[in-house]
Amino acid sequence: MLVQTLAARGNSYRFTPLERPSKPVGAKDVRIAVRAAALNFRDIQVARGSYAHAADQPIVPLSDAAGVVVEVGEQVGRLAIGDRVITSFFPDWIDGLISRKKTSATHGANSDGILATELVLSEEALVHAPKSLTDSEAATLTCAGVTAWNALFVQAGAKPGARVLILGTGGVAVWALQLSVAAGLDPIITSSSDAKIEAARAMGARASVNYRTSPEWHNDILRITEGEGVDLVLEVGGEHTLPRSIAATRPGGKIIVIGGLSGFGGARIEPHSLIFGAKTLSAVQVGSRAMLQDLASFVDQRGVKPVIAQEFTFFEADRAYEFLASGNAFGKVVITMP
Ligand SMILES: NC(=O)c1ccc[n+]([C@@H]2O[C@H](COP(=O)([O-])OP(=O)(O)OC[C@H]3O[C@@H](n4cnc5c(N)ncnc54)[C@H](OP(=O)(O)O)[C@@H]3O)[C@@H](O)[C@H]2O)c1
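Residues numbered from 1 in each chain as written. Predicted model: local features only at pLDDT ≥ 70, side-chain atom pairs only at ≥ 80, totals over all residues.

Chemist: Quick question: what am I supposed to make of the overall build of the chain here?
Modeler: Assigned secondary structure in the chain consists of eleven helices and 15 strands. Here the C-alpha radius of gyration of the chain, 20 Å, is about what a compact globule of 338 residues would show, namely 20 Å. Across its three principal directions, the C-alpha atoms of the chain cover 60 × 40 × 35 Å. Considering the chain as a whole, with its 338 residues, one finds that 49% of them fall into the buried category. Look at the contacts in the chain between residues 6 or more apart in sequence, and 68% of them connect residues 24 or more apart. (Helix = DSSP H or I, 4+ residues; strand = E, 2+ residues; numbered from the N terminus. Rg over C-alpha atoms; globule rule 2.2 N^0.38 Å. Buried ≥ 20, exposed ≤ 12 C-beta atoms within 10 Å, placed from the backbone. Contact = placed C-beta atoms within 7 Å.)

Shown next, in the form of structure tokens:
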């Protein structure tokens with residue numbers, strides 16, 4: 001089998017394709033022919049050496065794969081040869097509440113990931129791919145899709161009509177926009193690009209703010225919501241956006257902390273910004289296999305088609321990373337297999 005290894009650290013993304021012997025399939029394992037892989041901001045961090053849980057040695061990167069089962073172990077019961085499947089982000093978090101044990105293993109950071117022509121994984125670490133999606137689309141559910149799902153519907157319990165503020169138009173944000181529209185929520189989006197704002201409005205964002213031309217954007221959000229604030233913020237911005245996100249939230253509303261696109265350093269949060277208005281600050285860490293399963297069913301039922309910004313081939317992995325890191329993507333960046 002062929003794998004891509006990430007050989008360089010720093011701000012260049014240099015890959016070395018390697019031929020490796022195929023792994024044997026254990027009793028509860030399946031072999032998958034990988035067809036597509038999706039990138040996330042985390043993968044850029046791993047490549048740059050700024051991800052806290054990354055391995056020191058070169059690894060096979062990425063966590064999000066779609067493929068087809070080509071071999072099954074003798075005790076496999078959930079999957080069969082020919083099934084189209086997607087990887088679950090945490091192979092050991094099947095369902096229930098998060099724990100250290102369930103989230104200690106992931107693909108593509110502290111151990112080898114999925115940028116390979118084939119994978120051998122426990123059948124427990126996989127879910128059937130949505131029937132309505134292509135392989136490239138299906139690969140995007142694993143991290144960005146589940147993170148948006150968990151934040152909106154598990155952590156926040158958002159109901160139709162809820163006013164949701166979504167920051168930026170990256171992979172998690174565009175997934176959140178699509179799920180919000182499909183579920184009848186009332187999404188408001190921020191972006192640094194008027195062209196991306198236009199695209200988000202065409203997809204169903206009811207209101208928008210350009211956070212670059214309007215740096216005090218929390219005031220725009222308050223104005224858009226008649227001075228009250230939004231019910232919920234999907235906080236992907238981190239260091240420089242978190243205090244504004246809190247200010248843009250209504251009394252009793254929720255801020256779900258997801259990321260740090262503007263930095264993961266200390267944001268100055270005054271206790272009163274949460275106390276006055278009894279606002280809830282919580283976080284998500286991707287999600288469980290059960291959440292991935294629920295998302296896959298929802299996608300099929302509601303006809304959600306994930307937005308793919310651009311596809312690259314297996315041998316163009318460096319270009320895929322550069323494109324994601326450029327900030328020009330609207331939606332997901334995908335690598336297709338040879
Ligand atoms: N907690 C979790 O489990 C989890 C899971 C997935 C991702 N994350 C985190 O969530 C964040 C988003 O991940 P992603 O994969 O969606 O990233 P991404 O696709 O790389 O997002 C890129 C986009 O982020 C937007 N952005 C950049 N700086 C911003 C700012 N200051 N304010 C608002 N938007 C900004 C830009 O949108 P515009 O071009 O429209 O301005 C940019 O195009 C990352 O920090 C990642 O580490 C966390």
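Chemist: Can you help me understand the domain arrangement of the chain in this one?
Modeler: Interface size is commonly expressed as the accessible area that is lost once the parts come together. Taken as a whole, the chain is organised into domain 1 (2-140 + 306-336) and domain 2 (145-283). Spacing between the C-alpha centres of domain 1 and domain 2 amounts to 28 Å. Contact with domain 1, which involves nine residues of that partner, is made by eleven residues of domain 2. Here the side of domain 1 that touches domain 2 is composed, by residue class, of five nonpolar, three polar and one charged. (Domains from an automatic or database assignment. Nonpolar A, V, L, I, M, F, W, Y, C, P; charged D, E, K, R; others polar.)

Chemist: Help me understand unusual backbone geometry in this model?
Modeler: Despite not being glycine, Glu226 has its phi angle at roughly 50°, a positive value. Since 7 C-beta atoms lie within 10 Å of it, Glu226 is described here as exposed. Non-glycine residue Ala278 carries a positive phi angle of around 45°. By the secondary structure assignment, Ala278 is in the loop between helix 9 (271-275) and strand 13 (280-283). Overall, Ala278 belongs to the exposed group, with 9 C-beta atoms counted inside 10 Å.

Chemist: Honestly, the packing of helix 4 (residues 141-155) against helix 10 (residues 289-302) in this entry has me stumped. Any pointers?
Modeler: Any two packed helices are characterised by the angle at which their axes cross and by the distance between the axes. Between helix 4 and helix 10, the shortest axis-to-axis distance is 9 Å and the interhelical angle comes to 90°. Between helix 4 and helix 10, the angle is such that the two are roughly perpendicular. Between helix 4 and helix 10, the contacting residues are Leu141, Thr142, Gly145, Val146, Trp149, Asn150 and Val154 on the first element and Met291, Leu292, Asp294, Leu295 and Ala296 on the second. Split by residue class, the contact of helix 4 with helix 10 holds eight nonpolar, three polar and one charged. (Axes fitted to C-alpha atoms, helices over the stretch in contact; angles between N-to-C directions. Parallel < 35°, antiparallel > 145°, perpendicular 65-115°, else oblique.)

Chemist: Explain the site of the ligand to me, please; I cannot follow it from the model alone.
Modeler: Residues in close proximity to the ligand total 33 residues, the closest being Gly168, Gly170, Ser191, Ser192 and Gly259. Residue assignment for the shell around the ligand shows that the elements contributing at least two residues are helix 1 (41-48), helix 4, helix 5 (171-182) and strand 9 (186-191). Tallied by class, the residues present in the shell around the ligand amount to 13 nonpolar, 18 polar and two charged. (Near = placed C-beta within 6 Å.)

Chemist: What should I look at first to understand helix 10 in this one?
Modeler: Structurally, the α-helix is built with 3.6 residues per turn, so residues lying three or four positions apart point the same way. Across its 14 residues, helix 10 extends 20 Å between first and last C-alpha, which sits within 8% of the 20 Å expected from 1.5 Å per residue. By the burial criterion, the buried members of helix 10 are Arg289, Met291, Leu292, Leu295, Ala296 and Val299. Along helix 10, the residues classed as buried sweep out an arc of 155° about the axis, all on the same side. Each element contacted by the buried residues of helix 10 is listed here: strand 7 (126-128) and helix 4. Two residues or fewer after helix 10 comes Gly303, characterised by a positive phi angle close to 65°. (Expected span 1.5 Å × (residues − 1). Arc of directions from axis to C-beta.)

Chemist: Please explain the packing of helix 4 against helix 5 as it appears in this structure.
Modeler: In the contact formed by helix 4 and helix 5, the axes pass within 8 Å of each other and the chain directions differ by 55°. Judged on the interaxial angle alone, helix 5 and helix 4 are oblique. As helix 4 runs across helix 5, the sense of the crossing is right-handed. Every residue of helix 5 that contacts helix 4 at Ala144, Gly145, Thr147, Ala148, Trp149, Ala151 and Leu152 is listed here: Gly171, Val172, Trp175, Ala176, Leu179 and Ser180. (Left-handed = near helix turned anticlockwise from the far one by under 90°.)

Chemist: How should I be thinking about the pairing of strand 8 (residues 163-167) in this particular structure?
Modeler: Working note: regular strand, side chains alternate between the two faces of the sheet. For strand 8, the tally of buried residues reaches five of five residues, placing the bulk of the element in the interior. Going residue by residue along strand 8, you find Arg163, Leu165 and Leu167 tucked away on one face and Val164 and Ile166 tucked away on the opposite face as well. In this sheet, strand 9 lies alongside strand 8 in parallel orientation, the contact comprising five bridges. Paired with Ile166 across the two strands is Ile189, which belongs to strand 9. (Pairing = 2+ DSSP bridges.)

Chemist: Teacher, can you tell me more about the nonpolar core here?
Modeler: Where a protein is soluble and globular, its nonpolar side chains tend to be buried together. Judged by nonpolar contacts, the single largest core of 106 residues is most densely connected at Ala37, Ile86, Val164, Ala176, Leu234 and Ile256. When residues of this core are sorted by domain, at least three fall in each of domain 1 (2-140 + 306-336) and domain 2 (145-283). Apart from residues no more than four positions distant in its own chain, Leu234 is found in contact with Ala151, Val164, Ile166, Leu167, Ala176, Ile256 and Ile258. (Core = buried A, V, L, I, M, F, W, Y, C linked by C-beta atoms within 7 Å.)

Chemist: Honestly, the environment of Ala329 in this entry has me stumped. Any pointers?
Modeler: For Ala329, the location among the structural elements is in the loop between helix 11 (317-326) and strand 15 (332-336). For Ala329, a count of 21 C-beta atoms within 10 Å gives the class buried. Once the C-alpha coordinates of Ala329 and Gln310 are considered, the two residues, 19 residues apart in sequence, prove to be 7.6 Å apart.

Chemist: Just to check I follow, could you spell out the sheet that holds strand 12 (residues 249-257) for this structure?
Modeler: In any sheet, the strands associate via hydrogen bonds between backbone groups, in a parallel or an antiparallel arrangement. Strand order across the open sheet formed by six strands is 10-9-8-11-12-13, with parallel pairing between neighbours. At either margin of the open sheet sits one strand with a lone partner, and together these are strand 10 (207-210) and strand 13. Averaged over all neighbouring strand pairs, the angle between strand axes comes to 20°, with direction disregarded. Strand direction decides the pairing type here: strand 8 and strand 11 (residues 230-235), joined by three bridges, are parallel.

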